[in-house]
Amino acid sequence: MAQDIWVLGTHMTAFGRFSDQDAVDLAATAALGALDDGGVGISDMDILACGNLFQAASGMGQQVQKQIGQTGIPVYNVSNACATGATALRTVIMAIRASEADLGLVVGVEKMGKMGLLAGGARKEKNVYEPSGRYGAVMGIDGILGTDTMPGVFAQAGMEYANDNEGVGFEQFAKVAQKNHSHSTLNPLAQYRREFTLEEVMGSPMQSYPNTLLMCCPTGDGAAACVLVGEERFASLSREQQSRAVKISASVLTTDPYVESGQMQPDVNTLTRNAAAAAYEQAGVGPEDLSLVELHDCFATAELIHYDNLGLCEPGGAGDFIDRGAPWRTGKTPVNVSGGLISKGHPIGATGVANVYEVSTHLRGEAGERQVPGANVGLTHVIGLGSSCGIHILEKSGIG
Amino acid sequence: MQIPLVDYLVLGDEPHLRANECADCGARFFGRRNACARCGGREFISARVSGTGTLRTFSIVHRAAPTIPTPYVSAIVRTDDGTSVRSNLINVKPHPDQISLGMRVKLETYVAGTDEEGKEAVAFGYAPA
């Protein structure tokens, strides 16, 4: 078995819209915060992985080095849709496992502002129709052959689950968003911190049925970072560093295997189920052992189906799971105590690192008002359409 | 003159969809493949897709890019020969009360636009059967 890897330090900026900071500023703040938190410096780092989507061609990792310390170490600029942050994390994990590094820095950052819909193009009126593209389309097909928009695509994923399982509908999906908005009121780093009633969630402007505005994540800015250390170097750290460190007991990245419907509707289920099975096996834990989960609730419909994909509920039982309050902070398996993407925010490159920050903070017992009492094992999950799924399982140090 | 919106729609007396079907495993693809994504087979045959099926999932889209008329119903249909197709659900009010998962649907075509040479782009959708 490869050596154990630990999160030594972690930090995130608040998520929101920051007109006075660019992506490099945000990333540098998160990176220095994580280094300080771990009691190490940039000169101790052997590798840097920087996750960023919308400025992927800009050499973001090198720009961050110029902001906090140019030590000449290798930089991996990582871009993998909404799984970007988790993929950057895994890049450093693989380098440490391969014995090419003892200590590494992971930064995820995104500067989105108010981008609106991320897919689904306007239809250009062509003067003369000529077939073009892979399907020989003579005009834009979004809105004619179904939807390319994210609220719609994930609505369809949720409604497919509703088709196959009893007790799932608009109200169950809305309850997910009600929970995450409520959770976010306890998170000072969340983009939004406002509680809404179920009626307000269901009555907010419809985007793509059944996803209303309050059931969709916002766009925004933010960064998160982690310092990772392999077990050989870990042994030489101080007692205090060791006791606050968080063990990464599983790290998995999967893509979507062939399913019949996949060419028409991205399958976000199979790759999550495959990643979860591999992660539980690696960590030697099961879903019943999890103290908390931060999963990819880009839309309320997505969170509900992942209760089932991650094995948090009985097969087919995601509707009942939310109906009985199981994923609330005080419930059986707290899900998205941070407020989730829906209310904490979703600056894409930062998301898969920020959920490791969140779970680590609970495992350290440092989550303040929103602390899940006695948290000792947690799971993080992201999905990038296209598709990739990243899952990490984290465990409390146990060294005291 | 009429032309299809996409190349996998075949017009004529009986409009239908055609897929590239893997000669080895039968997996169907709209659009070209170098090898089958399911089994790796390199040979494909052209297969006619059934025009009837059931509604597998849907969303009623109220928010889209500025030039896209809303609301409309986006749907995934499972045809009677087991192929998933994405299109709009047409000839139905875009309201959840009017749409039921699993409902029977059939392929229909309509003119989606006309260019300056008078060519009509013909699209397909699925209507309640």
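Please refer to the structure placed before this passage.
Small disclaimer: the values here were computed from a predicted structure and weren't measured.

### Some words on the overall build of chain A
On a plain count of helices and strands, chain A comes out with 13 helices and 11 strands. Projected onto its principal axes, the C-alpha coordinates of chain A cover approximately 65 × 50 × 40 Å. Put simply, chain A has 400 residues, and 63% of those count as buried. Residue pairs at least 24 apart in sequence account for 76% of intrachain contacts in chain A once pairs closer than 6 positions are excluded. Surface exposure of chain A reaches about 13,700 Å², of which carbon and sulfur atoms provide 49%. Averaged over its 26 positive side-chain charges, chain A has a centre that lies 4 Å from the centre of its 43 negative ones.

### Section: helix H2 (residues 60–68) of chain A
Residue and element names in this part refer to chain A. Three or more residues of H2 are buried, namely Met-60, Gly-61, Val-64, Gln-65 and Ile-68. Mapping the buried residues of H2 onto a view down its axis gives an arc of 145 degrees, with all of them on the same face. In the core, the buried residues of H2 are packed alongside helix H1 (23–38), strand S2 (47–51), strand S3 (75–78) and strand S4 (103–111). Immediately beyond the C-terminal end of H2, within one or two residues, lies Gly-69, with a positive phi of roughly 150 degrees.

### A word on the side chain of Asp-142 of chain A
Considering the arrangement of structural elements, one finds Asp-142 of chain A in the loop between S4 and helix H4 (150–164). Look at Asp-142 of chain A: it is buried, it has no salt bridge, and the nearest opposite charge is Arg-86 of chain B at 5.3 Å. For Asp-142 of chain A, the side chain forms a polar contact with the main-chain nitrogen of Asp-148 of chain A, separated by 2.7 Å. Apart from residues no more than four positions distant in its own chain, Asp-142 of chain A is found in contact with Gly-120, Gly-121, Arg-123, Thr-147, Asp-148 and Thr-149 of chain A together with Ile-68 and Tyr-72 of chain B.

### As for the pairing of S4 of chain A
Residue and element names in this part refer to chain A. Taking burial as the measure, the nine residues of S4 include eight buried ones, the bulk of the element. Looking at chain direction, S2 and S4 are connected through five bridges and run parallel. From the neighbouring strand, Cys-50 faces S4, where its bridge partner is Val-107. Alignment of S4 against strand S7 (residues 221–230), held across nine bridges, turns out to be antiparallel. Looking at the pairing, Val-106 lines up with Cys-226 of S7.

### Quick notes on the nonpolar core
Membership of the largest hydrophobic core comes to 88 residues, with the highest contact counts inside it found for Tyr-307 and Leu-312 of chain A together with Leu-17 and Phe-124 of chain B. The greatest single-element share of this core, amounting to six residues, is contributed by helix H9 (residues 270–283) of chain A. Sequence-distant contacts of Leu-312 of chain A, that is, excluding residues within four places in its chain, are made with Tyr-280, Pro-287, Leu-290, Val-293, Leu-295, Tyr-307, Phe-321, Lys-332, Thr-333 and Val-335 of chain A.

### Here we look at the packing of aromatic side chains
For the structure on display, the rule yields 11 aromatic pairs over all chains. Ring geometry for Tyr-135 of chain A versus Tyr-8 of chain B: centroids 5.8 Å apart, planes at 80 degrees, classification edge-to-face. Note that Tyr-135 of chain A is positioned in the loop between S4 and H4 and Tyr-8 of chain B in the loop between strand S1 (2–4) and strand S2 (9–10), a pairing that runs across two chains. When its relative accessible area of 7% is taken as the criterion, Tyr-8 of chain B is described as buried. Their ring planes at 90 degrees and their centres at 6.1 Å tell us that Phe-124 of chain B and Tyr-126 of chain B sit as a pair that is edge-to-face. Owing to a relative accessible area of 0%, Tyr-126 of chain B belongs among the buried residues under this scheme.

### Concerning the pattern of salt bridges
Summed over all chains, the structure comprises 23 salt bridges over all chains. Note that Asp-164 of chain A and Arg-56 of chain B form a salt bridge whose closest N and O atoms lie 2.8 Å from each other. Of this pair, Asp-164 of chain A sits in helix H4 while Arg-56 of chain B is found in strand S6 (residues 52–61), placing the two residues in two different chains. Residue classification places Asp-164 of chain A among the partly exposed residues on the basis of a relative accessible area of 47%. Shared partners join several salt bridges into a network, and the residues in it are Asp-37, Arg-244, Arg-364 and Glu-366 of chain A.

### Structural notes on the interface of chain B and chain A
Facing 55 residues of chain B, the contacting portion of chain A comprises 44 residues. Overall, the association of chain B and chain A removes approximately 4,400 Å² of surface from exposure, summing both partners, and the carbon and sulfur fraction of that is 53%. Run the count over chain B and chain A and you get four salt bridges. Linking chain B with chain A are 29 residue pairs in polar contact (both at pLDDT 80 or more). Elements with a minimum of two residues in the side of chain B that touches chain A: S1, strand S4 (28–29), S6, strand S7 (72–79), strand S8 (84–89), strand S9 (104–114) and strand S10 (120–128) of chain B. Top element by residues in the side of chain B that touches chain A is S6 of chain B. It accounts for seven residues. Considered class by class, the residues forming the side of chain B that touches chain A number 28 nonpolar, 14 polar and 13 charged. Strand direction decides the pairing type here: strand S5 (residues 206–209) of chain A and S6 of chain B, joined by two bridges, are antiparallel.

### Brief notes about the environment of Cys-226 of chain A
All names here are of chain A. For Cys-226, the location among the structural elements is in strand S7. On the basis of relative accessibility, which here comes to 0%, the residue Cys-226 falls in the buried class. Cys-226 sits 207 residues away from Ser-19 along the chain, and the two C-alpha atoms are 25 Å apart. In contact with Cys-226, not counting residues within four places along its chain, are Val-7, Gly-9, Thr-10, Ala-34, Leu-89, Gly-104, Leu-105, Val-106, Val-353 and Val-356.

Parameters and conventions
Residues numbered from 1 in each chain as written. Chains lettered and ligands numbered in written order. Predicted model: local features only at pLDDT ≥ 70, side-chain atom pairs only at ≥ 80, totals over all residues. Heavy atoms only, no water. Helix = DSSP H or I, 4+ residues; strand = E, 2+ residues; numbered from the N terminus. Buried < 20%, exposed > 50% of the residue type's maximum accessible area, 1.4 Å probe, protein only. Contact = heavy atoms within 4.5 Å. Areas by Shrake-Rupley, 256 points an atom, 1.4 Å probe, with all protein chains shown as cover. Lys, Arg positive; Asp, Glu negative; His and termini not counted. Charge placed at Lys NZ, Arg CZ, Asp CG, Glu CD. Arc of directions from axis to C-beta. Salt bridge = Lys/Arg side-chain N within 4 Å of Asp/Glu carboxyl O. Polar contact = N/O pair within 3.5 Å; in protein donor to acceptor, adjacent residues only side chain to side chain. Pairing = 2+ DSSP bridges. Core = buried A, V, L, I, M, F, W, Y, C linked by side-chain atoms within 4.5 Å. Phe/Tyr/Trp six-rings, centres within 6.5 Å; stacked < 30°, edge-to-face > 60°. Buried area = accessible area lost by both parts, 1.4 Å probe. Nonpolar A, V, L, I, M, F, W, Y, C, P; charged D, E, K, R; others polar.

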